[in-house]
Structures are given as C-alpha cells and as structure tokens.
Amino acid sequence: MIIRPETPADFPAVEAVNNAAFGEESEAYLIRLIRESDLYVPELSLIAVLDDGTVAGHVMFSLVLLDTAQGEERIFDLAPLAVHPDHQGTGIGDALTRHGLELLEARGEPLVLVEGIPSYYPRFGFERASRHGITPPSPRTPNDAFMVKLLENYEPRFRGAVRYPEAFYLADAVGP
Ligand SMILES: CC(C)(COP(=O)(O)OP(=O)(O)OC[C@H]1O[C@@H](n2cnc3c(N)ncnc32)[C@H](O)[C@@H]1OP(=O)(O)O)[C@@H](O)C(=O)NCCC(=O)NCCS
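In this text, all values refer to a predicted model and were calculated from it rather than measured experimentally.

Reading the values: rules and limits
- Along each chain, numbering runs from 1 in the same order as the chain's sequence is written.
- The predicted origin of the model limits local features to residues at a pLDDT of at least 70 and limits the giving and counting of side-chain atom pairs to 80 or more, whereas totals for whole chains, interfaces and linings rest on all residues.
- Three exposure classes are used, based on other C-beta atoms lying within 10 Å of a residue's own C-beta, which is placed from the backbone: buried for 20 or more, exposed for 12 or fewer, and partly exposed in between.
- In this description a helix means any DSSP run of H or I spanning at least four residues, a strand means any run of E spanning at least two, and both kinds are numbered starting from the N terminus.
- We call two residues in contact if the C-beta atoms placed from their backbones are at most 7 Å apart.
- We count a residue as near a molecule or strand when its backbone-placed C-beta atom lies within 6 Å of that partner.
- Side-chain classes follow a simple rule in which Ala, Val, Leu, Ile, Met, Phe, Trp, Tyr, Cys and Pro form the nonpolar group, Asp, Glu, Lys and Arg form the charged group, and the remainder, Gly included, forms the polar group.
- Pairing between strands is defined by DSSP: at least two bridges between them are needed.
- Look down the strands so they point away from you; if going from the first strand over the helix to the second traces a clockwise path, that crossover is right-handed.
- A helix is expected to span 1.5 Å for every residue after the first.
- The arc under discussion is defined with respect to the helix axis, by the directions toward the C-beta atoms.

*Asks:* Can you help me understand helix α2 (residues 26–35) in this one?
*Replies:* The α-helix winds at 3.6 residues per turn, so residues separated by three or four positions along the chain end up facing the same way. Where α2 is concerned, the buried positions are Glu27, Ala28, Leu30, Ile31, Leu33 and Ile34. Looking at the buried residues of α2, the elements they touch are α1 (11–22), β3 (55–68), β4 (71–83) and α4 (166–170).

*Asks:* Please explain the site of the ligand as it appears in this structure.
*Replies:* Around the ligand, a shell composed of 17 residues is seen, among which Ala21, Gln88, Gly93, Asp94 and Gly116 lie nearest. Counting residues per element, the ones that place at least two in the shell around the ligand are α1, β4 and α3 (92–107). Considering every element that reaches the shell around the ligand, the biggest residue donor is β4, with four residues. Split into classes, the residues belonging to the shell around the ligand amount to nine nonpolar, seven polar and one charged.

*Asks:* Can you help me understand the pairing of strand β2 (residues 45–49) in this one?
*Replies:* With four of five residues buried, β2 is to be regarded as a mostly interior element. Turn length for the β2-β3 hairpin, with the two strands adjacent in sequence and antiparallel, is five residues, and the turn residue glycine 53 shows positive phi of about 95°.

*Asks:* What is the right way to read the pairing of strand β5 (residues 111–115) from this model?
*Replies:* Each regular strand shows side chains that alternate between the opposite faces of the sheet. When you tally the buried positions in β5, you get five out of five residues, the bulk of the element. Here three bridges tie β4 to β5, and the two strands are oriented parallel to one another. Paired with phenylalanine 76 across the two strands is valine 112, which belongs to β5. Read as a crossover between parallel neighbours, the route from β4 over α3 to β5 is right-handed. Strand direction decides the pairing type here: β5 and strand β8 (residues 146–150), joined by five bridges, are antiparallel. Counted as the bridge partner of glutamate 115 is phenylalanine 146 from β8.

*Asks:* For this particular structure, what's the right way to read the environment of tyrosine 40?
*Replies:* Of note, tyrosine 40 is situated in the loop between α2 and β2. Discounting residues that sit within four places of it in the chain, tyrosine 40 has contacts with Ile34, Arg35 and Ser62.

*Asks:* For this particular structure, what's the right way to read α3?
*Replies:* With 16 residues, α3 should cover 22 Å at 1.5 Å per step; its first-to-last C-alpha distance of 23 Å lies within 8% of that length. When we look at burial in α3, the residues that qualify are Ile92, Gly93, Leu96, Thr97, Gly100, Leu101 and Leu104. Buried residues of α3, viewed axially, fall in a sector of 165°; they line one side. Residues of α3 that are exposed and angled more than 90 degrees away from the buried face: Glu102 and Ala106. Contacts from the buried residues of α3 go to β1 (2–5), β2, β3, β4, β5 and β8.

Structure below.
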C-alpha cells in the first residue's frame, strides 16, 4: 500500500470510497465543494492505494477559520476520513491519519481539528478542543466530538471560535 495525494484522475475513486464508507453521498459532495474553494490543499487530500491499484481509503485536510483575539487564522481540519468497508480494520485509516499529521507538522502548522468519532481520534493525540479554548462553530457540534491535536508549533493564542466554510453547511457536515 502507498499513501499519496489525490490527483483529478483519482476523484471518481475517492467519491466511491466515501460513498461506500458512509453509505450516503454527502461526504462526496463536501469534498467536491471543498475542491472548488480556496480552502482546498491538494497535497493534503490523501489516498491509500493497494498494491493492485485499488483506492481503499481517503482523508482530506482542508482549511477552516479560527476567530482569535488577534485576528482570523486559517487552520486545518480533518474531514472526511473514509476507508472502504472491504478494507476497514486493517490499519488504513490509521496510516492515512498519521501520514497527514506528519505532513502538517512538516508544514509547521500549529494544530489540526476534527469533528469525529470521540473513541477513534484520541489514539492520534486528539483531545477535546474545549480544553484549549477552541469552541465549535455550531451548537449542533457535540462537545466530545470536537477535537484538536496540538502540533509542535502550537501557541496558546490559537483559541477562539471555529468558523466552518459554507461548504460544510451546504453538505450538512455540521453536527451529528
Ligand atoms: C472510522 C474509519 C475511518 C477507521 O478506519 P479503519 O481503517 O477501519 O481503522 P483502522 O484499521 O486504522 O483502526 C482500527 C481501529 O479503529 C476502531 N474503529 C473503527 N471504526 C470505529 C468507529 N466507528 N468507532 C470507534 N472506533 C472505530 C476500531 O475499533 C479499531 O480499534 P483498535 O485499533 O483499538 O482495535 C473507517 O472504519 C470508516 O471509514 N468508517 C466509516 C466512515 C467514518 O465513520 N469515518 C470517520 C468519520 S469521523
């Protein structure tokens, strides 16, 4: 298996993996909307490709806003993460997430957010965002699902309210 950034040729396979993993099409829609925005960072939309060429998993890290006392900051958010049901439980989600986190460290990013499964993400160092004064964009966001991983360049000034881009609302990707 290799992990590499997606290219436009991979878009149909990425969509198929997300539809299969989530059993619905809203994540694929979210991905399309993010790709069309200036919040898309192609090198941080990663796919896991099996030795036979199958795209078995995908993770996207894209930019959202953090409204801090000093001004707005663009920070990375992990969404979505999907592994095809045929290949779940074999470490692909783990490998995709860790690879992305390494790339974010290498870029010197201060932190990364996720709104996701509270029992899955702590293994990567994610913890409740509220512990660090980072508040969710919507009252629909469950407190325990809204998590942050602090990276080496984290500074305490990175606190405030997160603002999701319009894509998240259009794709109904806010809250449970
Ligand atoms: C969640 C998901 C990305 C995990 O990827 P994966 O490749 O199957 O997981 P890995 O093999 O890397 O890790 C397996 C571990 O994840 C845990 N895990 C998998 N799905 C989980 C879930 N829905 N809730 C809690 N833990 C889960 C397993 O229990 C296992 O734990 P263990 O290592 O302690 O035994 C994948 O199952 C998936 O695509 N699910 C459907 C879509 C989804 O829910 N995406 C995440 C949205 S936040």
